[in-house]
Amino acid sequence: MVTAKVITVSDRSYRGEREDAGGPAVKALLERAGYAVGEIVLVPDERERIEKALICAADEENIALIVTTGGTGFAERDVTPEATIAVCGRLAPGIPEAMRAASMRITPKACLSRAAAGIRGKSLIVNLPGSPKGACENLEAVLEPLEHGIFILRGGME
């Protein structure tokens, strides 16, 4: 079974001021798709904390698919893409391009997403929006190709 981890990036959820809805929605979708998903990690909108969570999931836990929710917009504290790009050795620009293209059929605001995707070692990292609806719509748009990409990334294993 392919492993996955969900990292929710949200100051308010991290502080307990708002329930995390995006993370659980994405976790449920991944589990329905056959992924083995552990506990959701909650981090504040701080680049160093996001980078540390991504590095831990990839390097220490050897997670195949790491998805983030939140921090991909235009707000000053939205730094998830920058953290993702910083920890990845190679980018996978087609993934966020496909997600934005699919979302544009639903809302014109999809073009405002700054989501990134990339590879760290044998792990694929994909940024998703923070809203449960947007996160799931974006992930559903790329679930099938992600499976193949992870298969190749992992050398045909998992």
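All of these numbers come straight from a predicted model, not from anything done at the bench.

A. Quick peek at the pattern of salt bridges. Applying the stated criterion to the full structure yields 7 salt bridges. Across the pair R47 and E51 runs a salt bridge whose closest N-O atoms are separated by 2.6 Å. A residue pair is termed a helical-turn pair when its members lie 3 or 4 positions apart in one helix, as R47 and E51 do in helix α3 (residues 47–60) at 4 residues.

B. Structural context of the pairing of strand β4 (residues 65–69). Where burial is concerned, most of β4 is hidden: 5 out of the 5 residues are buried. Neither face of β4 is left uncovered, since the one carrying L65, V67 and T69 and the one carrying I66 and T68 both have all their residues buried. Where strand β1 (residues 3–9) meets β4, 5 bridges bridge the pair, whose relative direction is parallel. Paired with T8 across the bridge in β4 is T69. Two strands pair when backbone bridges link them, and β4 and strand β7 (residues 123–128) are joined in this way by 5 bridges, in the parallel orientation.

C. Layout of the nonpolar core. Counting 28 residues, the largest nonpolar core has L30, Y35, L65, I95, L124, V126 and L146 as its most contacted members. Those elements giving two or more residues to this core turn out to be β1, α2 (22–32), β4, α5 (94–104), β6 (117–120), β7 and α6 (132–153). In terms of residues, this core owes the most to one element, α6, which gives 8 residues. Not counting residues up to four positions away in its chain, the partners in contact with L146 are Y35, L65, I95, L124, V126 and L139. I7, V43, I66 and A83 belong to the second-largest nonpolar core, a separate cluster that totals 15 residues.

D. Seen up close, α6. Between the first and last C-alpha of α6 there are merely 27 Å, a value that for 22 residues lags more than 12% behind the 32 Å anticipated at 1.5 Å per step. Turning to α6, its buried residues number three or more, namely G134, A135, C136, N138, L139, V142, L143, L146, I150 and L153. Contact partners of the buried residues in α6: α2, β4, β5 (90–91), α5, β6 and β7.

E. Representation of the environment of L30 in the model. On the secondary structure map, L30 appears in helix α2. The exposure class of L30 is buried, given its relative accessible area of 0%. A C-alpha to C-alpha distance of 9.3 Å links L30 and V6, two positions 24 residues apart in sequence. In this structure, L30 is in contact with A4, V6, Y35, V37, L65, V67, L139 and L143, ignoring residues within four places of it in sequence.

Calculation rules
- Residues numbered from 1 in each chain as written.
- Predicted model: local features only at pLDDT ≥ 70, side-chain atom pairs only at ≥ 80, totals over all residues.
- Heavy atoms only, no water.
- Salt bridge = Lys/Arg side-chain N within 4 Å of Asp/Glu carboxyl O.
- Helix = DSSP H or I, 4+ residues; strand = E, 2+ residues; numbered from the N terminus.
- Buried < 20%, exposed > 50% of the residue type's maximum accessible area, 1.4 Å probe, protein only.
- Pairing = 2+ DSSP bridges.
- Core = buried A, V, L, I, M, F, W, Y, C linked by side-chain atoms within 4.5 Å.
- Contact = heavy atoms within 4.5 Å.
- Expected span 1.5 Å × (residues − 1).

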